[in-house]
Amino acid sequence: MRLFAAVLPPDEAMAELGRAVDQLTGSEGAEGLRWTGRPGWHFTLAFYGEVPDETVPELSRRLERAAARTAPFPLALRGGGHFGDRALWVGASGDVAALRRLAGRAGAAARKAGLDTEDHRHYRPHLTLARGSGAVHLTPYAAALDTFTGEQWTVGELALVRSRLPTSGVRGERPRYEKVGGWPLSATG
């Protein structure tokens, strides 16, 4: 299974962001971008890639421990940015340090379960909104999101998500995401 650990924003936060994104998708040039589907909006904490079925139970136990060591924390969707002209994203505000710690713990859980993972020392919390081929400049879209600030919510769960990539060559098909596990953040203090 192709898996990653994530924080999934609540429906209310997604609806707020959706209204802002709806304004962007009507902009000139927006049709040249591949907009991510709202059901797939998430903050990736650690990407695991293809995980053997026999490793999933151990990874799940390790993620449960990581969640138990983390207290719930406030977060909000805020501002925009881009990685070159390849990805447009919205960022986060609130207890971003706690989000980074949770990302570190999700990465450590994978290593302890025997998986090779990307190093997240420079973890930059972001939720990808659109991908480009480089033909459309993303700076104006990111600038339009500069003033976006969603309502704060409490992150209370660490999710394990399965990613199903689109079939090659099928126009308009997007990755599909399925939550396969979730553990409450339960540390106190």
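Definitions and limits used
Within every chain, residues take consecutive numbers counted from 1 along the sequence as written. This being a predicted model, a pLDDT of at least 70 is required before a residue's local features are given, and a value of 80 or more before pairs of side-chain atoms are given or counted; all residues contribute to the totals for chains, interfaces and linings. Heavy atoms throughout the structure, all of them, feed into the side-chain values; hydrogens and water do not. The salt bridge criterion pairs a side-chain nitrogen of Lys or Arg with a carboxyl oxygen of Asp or Glu, the two atoms within 4 Å. Strands here are runs of E lasting at least two residues and helices are runs of H or I lasting at least four, both read from the DSSP assignment and numbered beginning at the N terminus. Under the scheme applied here, a residue whose accessible area is under 20% of the maximum for its type counts as buried, over 50% as exposed, and between as partly exposed, the area being computed with a 1.4 Å probe on protein chains only. We call two residues in contact when some of their heavy atoms are within 4.5 Å. For two strands to count as paired, DSSP must find a minimum of two bridges between them. Geometry is summarised by axes, namely lines fitted to C-alpha atoms with helices restricted to the contacting stretch, and by angles between N-to-C directions that run from 0 to 180 degrees.

(A) Local environment of the pattern of salt bridges. Under the defined criterion, the tally for this structure stands at five salt bridges. With its nearest N and O atoms 2.2 Å apart, the salt bridge here joins R38 to D22. In this pair, R38 is assigned in the loop between strand 2 (34-35) and strand 3 (43-50) and D22 in helix 1 (residues 11-25), connecting sequence segments 16 residues apart. For K179, the salt bridge goes to E157, with nearest N and O atoms at 2.8 Å. Of this pair, K179 sits in strand 9 (residues 176-184) while E157 sits in strand 8 (residues 157-164); the two residues are 22 residues apart in sequence, bridging distant segments of the chain. Overall, the relative accessible area of 30% leaves E157 in the partly exposed class. Three or more residues joined by partner-sharing salt bridges are found here, namely E58, R61 and R62.

(B) Representation of the environment of G134 within the structure. Its place among the elements puts G134 in the loop between strand 6 (127-131) and helix 4 (139-145). Each C-alpha atom, one on G134 and one on A87, is 9.2 Å from the other, the two residues being 47 residues apart in sequence. Contact partners of G134, with chain neighbours within four places excluded, come to D85 and R86.

(C) Molecular detail of the pairing of strand 5 (residues 87-94). Counted residue by residue, strand 5 has six buried out of eight residues, so it is predominantly covered. The turn linking strand 4 (residues 73-83) back onto strand 5 is made up of three residues, and G84 within it adopts a positive phi angle of 55°. Two strands pair when backbone bridges link them, and strand 5 and strand 6 are joined in this way by four bridges, in the antiparallel orientation. Pairing of A87 across the sheet is with R131, part of strand 6.

(D) Layout of the sheet that holds strand 8. The strand order 3-1-8-9 describes an open sheet built from four strands, whose pairing is antiparallel. Two strands bound the open sheet, and with one partner strand each, they are strand 3 and strand 9. On average, adjacent strands in this sheet sit at an angle of 25° to one another, irrespective of strand direction.

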